[in-house]
Amino acid sequence: VQLVESGGGLVQPGGSLRLSCAASGFTFSRYIMSWYRQAPGKERELVAAITSAGGITNYADSVKGRFTISRDNAKNTVYLQMNSLKPEDTAVFYCNVRFHGVDYWGKGTQVTVSS
């Protein structure tokens, strides 16, 4: 299983970023995919999740209405569109899949929201 995140960077408050996670090594279309984030000095937290066919999504209260998770099963890729970014969104964002009872993570992509 391999997960590779991309799309992070430095953005001003109110700006937008789109994160991507390219997956390989498993049948992507069969699994729930999630995005987590970890800010300095804080625990890793679930940001958003999407079911295998993309029909159901779930979001942390802190990002509802601002972030959108989606997936393209033909490209084995899951996305996180982040709008109206706030300084408190600054964190390393990780892609996750639970495969055969084991959590797999990418290396993460840094998102910094600052003026």
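For the structure, see preceding data.
Residues numbered from 1 in each chain as written. Predicted model: local features only at pLDDT ≥ 70, side-chain atom pairs only at ≥ 80, totals over all residues. Heavy atoms only, no water.

1. Topic: the state of the cysteines
What the rule picks out here adds up to 1 disulfide. With its sulfur 2.2 Å from that of its partner, Cys21 forms a disulfide with Cys95. The disulfide joining Cys21 to Cys95 has a torsion of about -85 degrees about its S-S bond and is therefore left-handed. Here Cys95 lies in strand β9 (residues 91-99) and Cys21 lies in strand β3 (residues 17-24), a separation of 74 residues in the sequence. A relative accessible area of 0% means that Cys21 is categorised as buried. (Disulfide = S-S within 2.5 Å. Helix = DSSP H or I, 4+ residues; strand = E, 2+ residues; numbered from the N terminus. Buried < 20%, exposed > 50% of the residue type's maximum accessible area, 1.4 Å probe, protein only.)

2. Quick look at the sheet that holds strand β1 (residues 2-6)
A sheet is described by the order of its strands in space; here 4 strands give the open sequence β1-β3-β8-β7, paired in antiparallel fashion. Because the sheet does not close on itself, it has two edges, and the strands there are β1 and β7 (67-72). Strand-to-strand, the axes of this sheet are offset by a mean angle of 15 degrees, without reference to chain direction. In terms of strand pairing, β3 meets strand β8 (residues 77-82) through 6 bridges, oriented antiparallel. When the bridges of β8 are listed, Leu17 appears paired with Met82. (Pairing = 2+ DSSP bridges. Axes fitted to C-alpha atoms, helices over the stretch in contact; angles between N-to-C directions.)

3. Quick notes on the nonpolar core
Core analysis: the biggest nonpolar cluster contains 31 residues, and Phe26, Met33, Trp35, Val78, Leu80, Met82 and Phe93 have the highest contact counts within it. Contributions of two or more residues to this core are made by β3, β4 (33-38), β5 (45-50), β7, β8, β9 and β11 (109-113). Counting residues per element, this core draws most heavily on β9, at 5 residues. (Core = buried A, V, L, I, M, F, W, Y, C linked by side-chain atoms within 4.5 Å.)

4. Concerning the pairing of β8
For β8, a buried count of 5 out of 6 residues is recorded, marking the element as mostly surrounded by other parts of the structure. With 6 bridges connecting them, β7 and β8 associate as antiparallel partners. Residue Ser70 lies in a different strand from β8, and its bridge partner there is Tyr79. Connecting the antiparallel pair β7 and β8 is a turn made up of 4 residues, with Asn76 showing a positive phi of about 50 degrees.

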